[in-house]
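# Summary of the model geometry
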Amino acid sequence: MDAADEGELVRRVARGDRRAFDELYRRTAPWLEVRLRRRCADPDMVAEVLQDTYLTVWRAAGSFAGVPAARGGGAQGSAVGWLWTIAAHRLVDAFRRRARRARVPQVQLMPETAPAAEDEVMAARVGQELEQALLVLPPEVRAALRATVLDGLSMREASVLLGVPENTVKSRVRRARIVLREALS
């Protein structure tokens, strides 16, 4: 693995090689983080962009068009350039999301009123029932639901995260919703 250049690592990642992905991350993440920090002072945004970048690398490694160095191409440079291009686009997207959130007009909140005792009891009861219903779900179904609902991932992103086909994620989420609907009704 140490002898492989970054271009070869990306091509191995395209074939689903997790060790190659780990090695690519080990070699490039520190450099990429420094480069992103030069353009963004928010460490949370930099961490988010790094995560999005490597998720994209895992999903889109097959689109990498690097030429192996043995055939006269600069695969190392082009692989690193490809990686930086992805990160730069993700950073621009993150800045755009932040700008959109900043443009949302602030709504004056009404002074808080204390909820009725009945509402508090019902909320606690529903919360406990939901908690119990979630515990009944098999772990893989609960993980799919957590990834798509709580973490806000798309079905495709959840499938990459969980290492299962996208349709499997869809069926698990559907099954979870059916079980939860029955448990709470």
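Up top is the structure.
All of these numbers come straight from a predicted model, not from anything done at the bench. (Residues numbered from 1 in each chain as written. Predicted model: local features only at pLDDT ≥ 70, side-chain atom pairs only at ≥ 80, totals over all residues. Heavy atoms only, no water.)

### Concerning helix α1 (residues 6-14)
Basically, it comes down to this: Burial classes follow relative accessibility: with a 1.4 Å probe on protein chains only, a residue under 20% of its type's maximum area counts as buried, one over 50% as exposed, and anything between as partly exposed. Runs of H or I in DSSP of at least four residues are treated as helices and runs of E of at least two as strands, each being numbered from the N terminus. As used in this structure description, the phrase polar contact means that two N or O atoms lie within 3.5 Å; if the pair is within protein, one of them must be able to donate a hydrogen and the other to accept it, and residues adjacent in sequence are counted only when both atoms belong to side chains.
For α1, the full list of buried residues reads Glu6, Gly7, Leu9, Val10, Arg11 and Val13. Of the residues flanking the start of α1, the one acting as N-cap is Asp5, its side-chain oxygen 3.2 Å from the backbone nitrogen of Gly7. Phi turns positive, to about 90 degrees, at Gly16, one or two residues after α1.

### Quick look at the side chain of Arg172
Condition: Counting rule for charge: Lys and Arg are taken as positive, Asp and Glu as negative, and neither His nor the chain ends is counted. Only one rule defines a salt bridge in this text: a Lys or Arg side-chain nitrogen within 4 Å of an Asp or Glu carboxyl oxygen. Between two residues, a contact is recorded if the distance between any of their heavy atoms is within 4.5 Å.
When you line up the elements, Arg172 lands in helix α8 (residues 166-184). Buried charge without a salt bridge: Arg172, with Glu140 as the nearest opposite-charge side chain at an N-O distance of 5.4 Å. For Arg172, the residues in contact, after removing those within four places along its chain, are Glu140, Val141, Ala144 and Val164.

### Description of the packing of α1 against helix α2 (residues 18-39)
Counted only if it meets this: With axes taken as lines fitted to C-alpha atoms, and helix axes fitted only over the stretch in contact, angles between N-to-C directions fall between 0 and 180 degrees. If you view the pair so one helix is near and one far, a crossing is left-handed when the near helix is turned anticlockwise from the far one by less than a right angle, and right-handed when it is turned clockwise. Charged residues are taken to be Asp, Glu, Lys and Arg, nonpolar residues to be Ala, Val, Leu, Ile, Met, Phe, Trp, Tyr, Cys and Pro, and polar residues to be all remaining types, Gly included.
Running from amino to carboxyl end, α1 crosses α2 at an angle of 145 degrees, the nearest separation of the two axes being 8 Å. The interaxial crossing formed by α1 with α2 has left-handed handedness. In this structure, α1 uses Glu6, Leu9, Val10, Arg12 and Val13 to contact α2, whose residues at the interface are Ala20, Phe21, Glu23, Leu24, Arg27 and Thr28. Class assignment of the residues belonging to the contact of α1 with α2 gives a composition of six nonpolar, one polar and four charged.

### Considering the packing of aromatic side chains
Within a pair of aromatic rings, the relevant descriptors are the distance that separates the centres and the angle that separates the planes. This is how the line gets drawn: Each aromatic pair joins two rings of Phe, Tyr and Trp (for Trp, the six-membered one) with centres within 6.5 Å, and gets the label stacked for planes under 30 degrees apart, edge-to-face for over 60, and tilted for any other angle. Note on geometry: a ring has a charge over it if NZ (lysine) or CZ (arginine) is within 6 Å of the ring centre and within 35 degrees of the ring normal.
For the coordinates displayed, the defined rule picks out four aromatic pairs. Between Phe21 and Tyr54, the aromatic rings sit 6.2 Å apart at their centres with planes inclined by 85 degrees, giving edge-to-face as the arrangement. With Phe21 in helix α2 and Tyr54 in helix α3 (residues 43-60), this pair connects stretches of sequence that are 33 residues apart. For the pair shown, Phe21 and Tyr54 are each scored as buried. Geometrically, the ring pair formed by Tyr25 and Tyr54 is edge-to-face, given 4.7 Å between the ring centres and 70 degrees between the ring planes. Here Tyr54 lies in helix α3 and Tyr25 lies in helix α2, a separation of 29 residues in the sequence. Through pairs of rings, three or more aromatic residues link up here, namely Phe21, Tyr25, Tyr54 and Trp58. Here the guanidinium or amino end of Arg35 rests over the ring plane of Trp84, the centre of that ring lying 4.2 Å away.

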